[in-house]
Amino acid sequence: MNISTIADWSSIVQAVIALIALIVAGGFAIFKFRLFRPFEPHLSLSQEVSHRFTDSDYVHLAVTVMLNNNSRVRVTLNEAFIRFQQVRPITGTELESLYAQAFTSGEYTDIQWRVIDEFQRTWPKNTLIIEPGETHQEVYEFIVASNLKTILVYTFFYNSKRSSNSAEGWAATTIHDIV
């Protein structure tokens, strides 16, 4: 073998190794891009529920929802809903029925508490925008009967940029005792 042949083979091996490295790096980049979805919107929701008695028959509820944009892109919201459900008071018979509906199939299913009130909230397009790193606060007020002792508050904000790889939306659930 002469030096020219060795140089040719060494060039071929070097090119093959470079090609393999490029394919592995590209595969890793695609995997990481799909895993972390850096250009998809992400929100973290937290909510606080407070109450005050307005008189002996009614209670004023305030639900404060904090929406934190922890993604690299702005999040535009066009629609949300909030649901109040009665947890207490409840009779033993009603509780047994709810338990049977939720746990008899062997798979976990949410308990379907009685809905007290539910409503949709919509915003005109491009009016509720949360920039990356920002937090936005939404406050909802309700009046409920004072005989309620425990409620479940569920909020859901729809992802207006929903795609096949992204979340349908973001939710928060809080159980609140009215004492």
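The coordinates are above.
Structure report, in brief.

Definitions and limits used
Residues numbered from 1 in each chain as written. Predicted model: local features only at pLDDT ≥ 70, side-chain atom pairs only at ≥ 80, totals over all residues. Heavy atoms only, no water. Pairing = 2+ DSSP bridges. Helix = DSSP H or I, 4+ residues; strand = E, 2+ residues; numbered from the N terminus. Axes fitted to C-alpha atoms, helices over the stretch in contact; angles between N-to-C directions. Phe/Tyr/Trp six-rings, centres within 6.5 Å; stacked < 30°, edge-to-face > 60°. Buried < 20%, exposed > 50% of the residue type's maximum accessible area, 1.4 Å probe, protein only.

With that settled, consider the sheet that holds strand β4 (residues 79-88). Taking strand neighbours across the sheet as the criterion, the 4 strands line up as β5-β4-β8-β9 in an open arrangement whose pairing is antiparallel. A single partner strand is all that each edge strand has here, and the edge strands are β5 (114-122) and β9 (169-177). Put simply, the sheet's adjacent strands are angled 15° from each other on average, direction ignored. Pairing analysis gives 9 bridges linking strand β8 (residues 150-158) to β9, with the strands arranged antiparallel. Within β9, the residue paired with Ile151 across the bridge is His176.

Turning our eyes to something else, we now look at the packing of aromatic side chains. Counted according to the given criterion, the structure contains 8 aromatic pairs. Each ring, one from Phe84 and one from Phe142, has its centre 4.1 Å from the other, and the planes form 70°; the classification is edge-to-face. Of this pair, Phe84 sits in strand β4 while Phe142 sits in strand β7 (residues 135-145), and the two are 58 residues apart along the sequence. Judged by its relative accessible area of 8%, Phe142 falls in the buried class.

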